[in-house]
Amino acid sequence: MKLCISLDLPSAKENLAIVKEIKDFDVWLKVGLRSYIRDGKEFLEDLKAINPKFKIFLDLKLYDIPNTMADAAEEISKFGLVDIFNVHASAGENAMQTVMERIKDIPNRPLVLAVTALTSFDNESFKAIYNEDISTKATKLAKDTYNSGVDGVVCSAFESLDIKKNTSDSFITLCPGIRPFGEDAGDQKRVADIPFAKENSVDFIVVGRPIYKDTNPKDVVKKILENI
Ligand code: C5P
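Quick summary incoming for the structure in this document. Note that the structure is a prediction, hence the values are computed from the model and not measured.

Reading the values: the criteria
- Residues numbered from 1 in each chain as written.
- Predicted model: local features only at pLDDT ≥ 70, side-chain atom pairs only at ≥ 80, totals over all residues.
- Heavy atoms only, no water.
- Buried < 20%, exposed > 50% of the residue type's maximum accessible area, 1.4 Å probe, protein only.
- Helix = DSSP H or I, 4+ residues; strand = E, 2+ residues; numbered from the N terminus.
- Pairing = 2+ DSSP bridges.
- Right-handed = clockwise from strand over helix to strand, strands pointing away.
- Axes fitted to C-alpha atoms, helices over the stretch in contact; angles between N-to-C directions.
- Contact = heavy atoms within 4.5 Å.
- Expected span 1.5 Å × (residues − 1).
- Bend = angle between axes of the 7 residues up to and from the residue.

Digging into the pairing of strand β5 (residues 111–115)
For β5, a buried count of four out of five residues is recorded, marking the element as mostly surrounded by other parts of the structure. Where strand β4 (residues 84–88) meets β5, five bridges bridge the pair, whose relative direction is parallel. Residue pairing in the sheet places H88 in a bridge with V115 of β5. In this region the chain leaves β4, passes through helix α4 (residues 93–103) and returns to the parallel neighbour β5; the handedness of that crossover is right-handed. The pairing of β5 with strand β6 (residues 152–154) spans three bridges and is parallel.

Set out below in structure tokens:
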């Protein structure tokens, strides 16, 4: 299991300060909409400059018509800085296949994951939009993702095992909504701790606030790495 840290702070300076503190750890860094919209590609370069071994997950959750998604995927892949990026599975199989087809020959292409259901949904709010239970729909979307040649999914730890059973053990599951040691859930509705993530064969845990809101982020990262 790998740790992926969300860099969701209000400025590049604050994000980089945390990254500098943890520069010797074997971790992935998640750059989301906030950081990327504000700080752009240069921020990705700044992260690699701190330690070229850092792996970067660009969490922009692409969702558009197939050609537009593939255009964006191609640009991200050509950066040569991104190790994982993601799309929304509900954009459909055609969109996911178009993305994979477009980037397949780019050297060292990033891994691609598709978001099944956002971890901020509870079952009721999810059903109001999709007319289906969250777990049923997440597994269906994961199967579409697998059939489209995408490398894995972003899902909650509660769905990880079922998704692997319905696809393949090697199909990647990356799970946000992790509160490693039972910390405050914030706006996340379905949170899991480290033992639960392990039991459910989660490949990547994504942790944001429990790390960057702590007075000593480095200690939290160290403790998480000792436990995964
Ligand atoms: O602070 P916290 O640990 O809740 O951060 C979780 C991160 O994972 C946030 O950056 C959020 O945008 C992201 N995320 C999520 N649910 C998804 C996909 C990404 O919470 N389905």
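Notes on the environment of E75
The topology assignment puts E75 in helix α3 (residues 66–79). Placed 28 residues apart in sequence, E75 and I103 show a C-alpha to C-alpha distance of 9.3 Å.

Let's talk about the sheet that holds β6
Read around the closed barrel, the eight strands follow the order β1-β2-β3-β4-β5-β6-β7-β8; overall the barrel is parallel. Averaged over all pairs of adjacent strands, the angle between strand axes in this sheet comes to 25°, irrespective of strand direction. Pairing between strand β1 (residues 2–7) and strand β2 (residues 28–32): four bridges, direction parallel. When the sheet's bridge partners are listed, S6 is paired in β2 with K30. In this fold helix α7 (residues 157–166) packs onto β6 and β7 (172–175), with an angle of close to 175° to the strand it touches most, β7.

What about helix α2 (residues 33–50)?
The end-to-end C-alpha distance of α2, which contains 18 residues, comes to just 21 Å, noticeably less than the 26 Å that a straight helix rising 1.5 Å per residue would cover. The largest bend in α2 comes to about 105°, at D39. Here α2 has its buried residues at S35, Y36, D39, G40, F43, L44, L47, K48 and I50. Looking at the buried residues of α2, the elements they touch are β1, α1 (12–21), β2, β3 (55–62) and α3.

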